[in-house]
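Reading the structure
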Amino acid sequence: MNKDKLNKEMSELLIQLREESGLSQQEIAVRSNVFGIGPVLDQRSASRVEKSPLTSDATKLAAFLIAVGRKPEFFYDTLRAKVSTPQLATLNSNNSEKNMKITKMLETSLLKLNEISSIVRSETHNNALDLTSLLETIKQAGTALHCLNRKPIIAAFGLFDAAKSTYLNTVSGQYSLPEKYQPATSVVNLLIHINDKPSTINGKVAVFRKGFLPFMIHDAELVNKYMITEGDESILNKFGVHDYDSEDQVTKEAYMSISFLDSDILKDVWLLDTPGDLNSSDVADTDKALAGAELADGIIYLSSFNGYMNGHDLGFLANIIRNKPPVAGADPLGHIMFTLSHCHDGITAEDFEQIKNTTFSRCKKQLNALVFDQWKESGDIENLPTAAELSARVRPFYRENQSYVSQTLESVSTMALELQKNHDKLVELRITSIESGIAAKLEAEMAKVISFKANTENRIQEVNEMDARFREKSGELIAKFKALINTCGTRAADDKQKVSDYYNSLMQKSSLTELISETFSDKKEASEGIGSYLTQLLTGRLEKTLVASGKDISNETELLLREWQEIVPNHTSLNTSEQKAKVDCDIDLSSFNARAAFIGGLSGLGSLGAMSLYVSTIASNLGAYILVGKAAGVLTSLGLASGVTSVTSLVAAMGGPITIGIAIAATIGYIVYRLVGGSWQDTLAKKVIEALEDNDVEEQLHAEISHFWDNTKEAMSVGLAELETATDEFIIQMKDEAQTEFTPESLDSTIEIIKRSQAQLS
C-alpha cells in the first residue's frame, strides 16, 4: 500500500473516532491537556493531525487519540495490520529512523504520566493525598519530557567573513540566513525542521529575547514570555542583521532567531549560526558568540584560507571549545570539526594538505595549554590529541566547488550521527531519572499516608517532638551556613592572589620572552598571535581557579544541606522500621527536600556564582527529585531541568562569558604589530607587558573574581532564607495534618490509588 493511500485511510479512521465521540476539532483541542502541561493541540493542529496522521508529531497524535477516548496503541495496532513493520520506521517525517526509538520512549513515558494523572485526579475527594503537590510534580515531569523532544545542535563559529552563514545555508540547502561581506549576523540563529514547529508559533521565523533556550520551544508559556515577533524570512533582515545606525530598542533586544525549514539534515540535528564580529566596542556580539557554545552539542569552527587560524582565531576557538569536552565514552574529537573556508579553486589539494598540517603543528602547543590539558586534568580525555588527529578534522569549503560541498555534507552528516548516538544515551538516562523522580514522589506520599494510620494523639505528639528536636539543632546549622557564606570574601582574596601569582609569573620579561620563543616561529606569527594566546592563558587560569574554589564551597554547601535534611521532621520518621529502611541517603523520600528548598531561593537571580556549579552538580545526580516548585525555574534558566547537559559551565555561573581576553587581545595586537629592530622576542615581551599594564588587566581579572564571589554570597544568603521559610511552612503543614482525622477506609483507598500509580511505572 502506498503512503498516500495509507495516510488517507488512517485519516478516515481519526475522523470516524472523532465523530463517534461526538466532538468537534475545537473540543478535541480543549481536551488535549492530557499530559498535565496544558493543551497540546489547538483547532488548526487538531485538523492537521486528522488530515495527515502519518506525518504528525507523535505527541500531538497521542493527544488527539486520548482526547477521543482511545489509546495510541489502538492507532498503531491498526496501522500494523495495514503495513509491514519495516515500513513503520519511515512514516513519521518529523523524525528520521534513528530518532524513532527516543520518540517512542518519550511517548511511552508521557502516557505513563497521563495514566498516573488520571488515577490521582480520581481521588479528588480524598484529603489524605497531597493532590496539589503530586499533580505539580507530574506537570513538571511532563514539561521536562516534552523539552527532551529536541535534536542535537551543531553550531558554526568563527570570526566575521569566515562564511558561517553561507556554510549553514549550503548544509541546509535553504539559503535562509542573510549573507554579507561586512559583519552581518547580530543574533544567534537556530535552524529547526518545519515539522518540529510547535502549534504556538505560526510564522516561518520567530525572534526571541535573551533567556530563551532551544529546548523551550515546546513550552507555550516560555515561548510567549520570550518571543518578540514572528513572521517570514524578511524579519531576519530587521532583527538578525547588524544595523549600527538603528536606535530601535526592541530590535536591539533580539537575541535568538529560530527559522523553521524543510531540510533533510534538520531531521537529525538542528543548526546554529553565531555572530563573528568580536571587538571591544560591541560586547553584545561577543557575548552571543561565546554563549552560543552553551547551546551546542557539536562545534564547527570556520577560518578563512587567508590567515587560517591566525590572530584572534586561536583564542576565540579556545574560548569556544574549552568548556565543551566530549561526553563520556564518545570520540574525543567527534563533536568538533575545523573548516578551511574560502578555499577557492585556485587552491590545490596540495595547498590544502600543507596548510592544515602546518597549522596544527604550529598551534598544537597552544591548544594543549588552552584546552586539552584542562580536558585531561578533568578526566574528559585520556590522551592529548596529536597534531595529525587535529588536522584530520579539517575540511575545505567553497560553495562553488561541488566536491567540497559534497565533502561538507558528508562530514556534517557523520557528526550528526555521532551526536545523535550520544544524545540518545543521555536522553534515555534523563527519562529514567524523571520516572525515578515520580516514583520517589509516590513513595513519599505512601510514607505520609502510612503515617496517618497512627492515631491522631500519637501523630501530634511525634510531630511536636520532631519539631522540638529540629529547633534545638537548626540554630547550630544556621550558624554554620552563615559562617560558610562569610568565607566568600576570604575565598575571593585567595583566588585573586592565585591569579595574580600566575599573572606576575607571566609578566616577567625573561619568562615572557621564553614563552614567545617556544611558542612562535617568527615575528609576524608572534605579533599576530601573542595577544590572543596570552589573554586566553589568563582567562583559562581565571576559569580554572574559580571552578576549583566554586566546587569547594559547593561541596561544603551540600554537606550542610544533608545535615539539614536529617533533622527536618518527615513522615518516614513516623513509620515502621521496615518503611524507614527503604529510604536511601541520596534519594530522600520524605515530603520535604532541603536541596529543592535552597535552590528554589535562587530563582530570579541574574547570576549565581559558585551556586550555579552546585545546582548543576545536583541536577546531574538528583534532577528528577527537584522537579516541583521554584527549583524547577532555576534549573530551566540554567538549561538543566529539561536538557541533557549534566554540568553547566562557568559561562552560566558568571551570568555570561568572560570577554576581557578578546578585547585585550585586540589592543595588544594593534600595539605590537609595528615591531622594529633589536631582538624581536625581547621587544615583543616588553611591548606586551606595557600593553597589559596600560589596560589594567590584573584589575580586570580581580573584578571578575569579585563579581563571582559577590554573586555567590548573595545566592547562598537568599537560598538559606528560603530554606528556613520553606521548612517552617512544611512543619506547620505537618502539624495541621497531624490534627486531621482520616477514616481507615479513606487511607486504604489512598494507598490503593498510590499502588495503582506505582504500577504504571513498572
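Everything quoted here is computed from the prediction, not taken from an experiment. (Residues numbered from 1 in each chain as written. Predicted model: local features only at pLDDT ≥ 70, side-chain atom pairs only at ≥ 80, totals over all residues. Heavy atoms only, no water.)

Observations concerning the overall build of the protein chain
The helix and strand tally for the protein chain stands at 30 helices and nine strands. Relative to its 762 residues, the protein chain shows a buried fraction of 57%. Contacts in the protein chain between residues far apart in sequence, at least 24 positions, make up 80% of those at least 6 positions apart. Only carbon and sulfur atoms are counted for the fraction: they give 49% of the accessible area of the protein chain, which is about 31300 Å². (Helix = DSSP H or I, 4+ residues; strand = E, 2+ residues; numbered from the N terminus. Buried < 20%, exposed > 50% of the residue type's maximum accessible area, 1.4 Å probe, protein only. Contact = heavy atoms within 4.5 Å. Areas by Shrake-Rupley, 256 points an atom, 1.4 Å probe, with all protein chains shown as cover.)

What about the packing of helix H19 (residues 488-506) against helix H29 (residues 697-738)?
Viewed as axis vectors pointing N to C, H19 and H29 meet at an angle of 155°, and their least axial separation amounts to 9 Å. What the angle tells us is that H19 and H29 run roughly antiparallel. In the crossing of H19 with H29, the sense of the turn from one axis to the other is right-handed. Counting all contacts with H19, which are made through Cys488, Arg491, Ala492, Asp495, Lys496, Val499, Ser500, Tyr503 and Asn504, the residues of H29 involved are Val697, Glu698, Leu701, His702, Ile705, Ser706, Trp709, Thr712, Lys713 and Met716. Per-class residue counts for the contact of H19 with H29 are nine nonpolar, five polar and five charged. (Axes fitted to C-alpha atoms, helices over the stretch in contact; angles between N-to-C directions. Parallel < 35°, antiparallel > 145°, perpendicular 65-115°, else oblique. Left-handed = near helix turned anticlockwise from the far one by under 90°. Nonpolar A, V, L, I, M, F, W, Y, C, P; charged D, E, K, R; others polar.)

Some remarks on the packing of aromatic side chains
Here the structure, examined in full by the defined rule, presents 13 aromatic pairs. On the basis of an interplanar angle of 80° and a centroid distance of 5.2 Å, the ring pair of Phe372 and Trp375 is categorised as edge-to-face. Taken together, the residues Phe372 and Trp375, both in helix H15 (residues 349-377) and three residues apart, mark about one turn of the helix. Ring centres of Phe470 and Trp564 lie 5.3 Å apart, and the angle between their planes is 80°; this geometry places the pair in the edge-to-face category. Taken together, the residues Phe470 in helix H18 (residues 456-485) and Trp564 in helix H21 (residues 523-567) connect sequence positions 94 residues apart. The class of Trp564 is buried, set by a relative accessible area of 1%. A network of ring pairs unites the aromatic residues Phe208, Phe212 and Tyr226 as a single cluster. (Phe/Tyr/Trp six-rings, centres within 6.5 Å; stacked < 30°, edge-to-face > 60°.)

Quick word on the packing of helix H14 (residues 313-321) against H15
Here H14 crosses H15 at 15°, and the two axes come no closer than 10 Å. One element, H14, and the other, H15, form an angle in the roughly parallel class. Viewed along their axes, H14 and H15 form a crossing whose handedness is right-handed. For the pair H14 and H15, contact is made by Leu314, Leu317, Ala318 and Ile321 and by Cys363, Gln366, Leu367, Leu370, Val371 and Trp375, respectively.

Focus: the pattern of salt bridges
Taken as a whole and judged by the stated rule, the model has 22 salt bridges. Put simply, Lys8 and Glu12 hold a salt bridge, and the shortest N to O gap is 2.7 Å. Note that Lys8 and Glu12 are positioned in helix H1 (residues 3-21) at a spacing of four residues, about one turn of the helix. Overall, the relative accessible area of 51% leaves Lys8 in the exposed class. Given the relative accessible area of 40%, Glu12 is considered partly exposed. (Salt bridge = Lys/Arg side-chain N within 4 Å of Asp/Glu carboxyl O.)

Things to note about the side chain of Ser172
Mapped onto the elements, Ser172 comes out in helix H9 (residues 164-172). Sequence-distant contacts of Ser172, that is, excluding residues within four places in its chain, are made with Leu191, Leu261, Ser263, Ile265 and Leu271.

Some words on the pairing of strand S8 (residues 336-341)
Counting buried positions along S8 yields six of six residues, so the element is predominantly enclosed. Residues Ile336, Phe338 and Leu340 line one face of S8 and the alternating positions Met337, Thr339 and Ser341 line the opposite face, and both faces are buried. Judged from the six bridges that link them, strand S7 (residues 298-304) and S8 form a sheet pairing that is parallel. Bridge assignment links Ser304 to a residue of S8, and that residue is Ser341. In terms of strand pairing, S8 meets strand S9 (residues 394-396) through three bridges, oriented parallel. Looking across to S9, one finds that Thr339 is bridged to Arg395. (Pairing = 2+ DSSP bridges.)

Re the confidence of the model for the protein chain
Taken as a whole, the protein chain shows an average pLDDT of 80; of its residues, 80% reach a score of 70 or greater. The spread of mean pLDDT over the elements of the protein chain runs between helix H6 (residues 85-88), the lowest at 29, and H19, the highest at 95. Below pLDDT 50 for its whole length, residues 83-95 participates in 31 contacts with residues either more than four positions away or in separate chains. (pLDDT = per-residue confidence, 0-100.)

Some points on helix H8 (residues 131-147)
With 17 residues, H8 should cover 24 Å at 1.5 Å per step; its first-to-last C-alpha distance of 24 Å lies within 8% of that length. By the criterion of burial, H8 is predominantly enclosed, with 12 of the 17 residues buried. Of the residues making up H8, those classed as buried are Leu131, Ser133, Leu134, Thr137, Ile138, Ala141, Gly142, Thr143, Ala144, Leu145, His146 and Cys147. (Expected span 1.5 Å × (residues − 1).)

Section: the environment of Ala318
For Ala318, the position within the fold is in helix H14. Considered as a pair, Ala318 and Tyr533 are 215 residues apart in the sequence and their alpha carbons are 9.2 Å apart. Leaving out residues up to four positions away in the same chain, Ala318 has contacts with Leu370, Val371 and Gln536.

Observations regarding the pairing of strand S5 (residues 256-261)
The buried fraction of S5 is high, at six of six residues. The two faces of S5 match: Met256, Ile258 and Phe260 on one face and Ser257, Ser259 and Leu261 on the other face are all buried. Bridge analysis of strand S2 (residues 188-193) against S5 gives six bridges, and the strand direction is parallel. Note that in S5 the partner of Leu190 across the bridge is Ile258. Note: strand S3 (residues 205-208) against S5, four bridges, orientation antiparallel. The partner of Ala206 across the bridge, within S5, is Ile258.

Thoughts on unusual backbone geometry
Here the phi dihedral of Ala163 falls at roughly 75°; this positive angle occurs in a residue that is not glycine. Ala163 gets classed as buried once you look at its relative accessible area, which sits at 14%.

Considering the environment of Ile553
In this structure, Ile553 sits in helix H21. On the basis of relative accessibility, which here comes to 0%, the residue Ile553 falls in the buried class. In the structure, Ile553 is positioned 58 residues away from Met611 in sequence and 8.5 Å away in space, judged by C-alpha atoms. When sequence neighbours within four positions are dropped, the list of residues in contact with Ile553 reads Leu484, Thr487, Cys488, Arg491, Ala610, Met611, Trp709, Thr712 and Met716.

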